[in-house]
Amino acid sequence: AVNLLLPPDGASFTLANDSITLQWASIGSLRENESYIIIIEDVTEGEGRRLVDYVRDTKYIVPVSFRPRDARPHIFRWWVSTVRQTGSDDQGQPIWDSAGANSPQRVFSWQGVAPEGTPQP
């Protein structure tokens, strides 16, 4: 399984954090048809808000567009695994099969919009 490095489990991010970078240790040289799959779920949202992406690097910058849409902190769960492309579908999109065990899951919190300040007298 992939060894997750950063952010540490339970890390907290706010509006001041323009981006969040997820990082893990390399499992060695990937073959030409292999990649890492990154899965990020917004646990707080409760509506299955999930981001799945494929990369060949050992880091991933979470898109700002995935930031929570309300002022409360959201808990995100993430993990990484390796996959192997076994072909393409009729739209030319890659077909991926698992090529390794899932990493342990980690969580981080992210507050997406600035909370309203206390009114000034």
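Keep in mind that what you see is a predicted model, and the values were worked out from it rather than measured.

*Asks:* A description of unusual backbone geometry should follow, citing residues and the corresponding values.
*Replies:* Omega for the peptide link from Leu-6 to Pro-7 comes to -5°, which places this bond in the cis form. Its location among the elements puts Pro-7 in the loop between β1 (4-6) and β2 (11-13).

*Asks:* Residues and numbers for the pairing of strand β7 (residues 74-88), please.
*Replies:* Looking at chain direction, strand β4 (residues 34-42) and β7 are connected through nine bridges and run antiparallel. Along β7, the bridge assignment pairs Ser-35 with Val-83. For β7 and strand β9 (residues 106-110), the ladder comprises five bridges, and the chain directions are antiparallel. Bridge pairing links Phe-76 to Phe-108 in β9. Of the pairings in the sheet, the one linking β7 to strand β8 (residues 94-98) comprises five bridges and is antiparallel in character. Residue pairing in the sheet places Arg-84 in a bridge with Asp-97 of β8. Taking the residues that link successive antiparallel strands as the turn, the β7-β8 hairpin has five residues, and the phi of Gly-92 there is positive, at about 85°.

Conventions we followed
- Residues numbered from 1 in each chain as written.
- Predicted model: local features only at pLDDT ≥ 70, side-chain atom pairs only at ≥ 80, totals over all residues.
- Heavy atoms only, no water.
- Helix = DSSP H or I, 4+ residues; strand = E, 2+ residues; numbered from the N terminus.
- Pairing = 2+ DSSP bridges.

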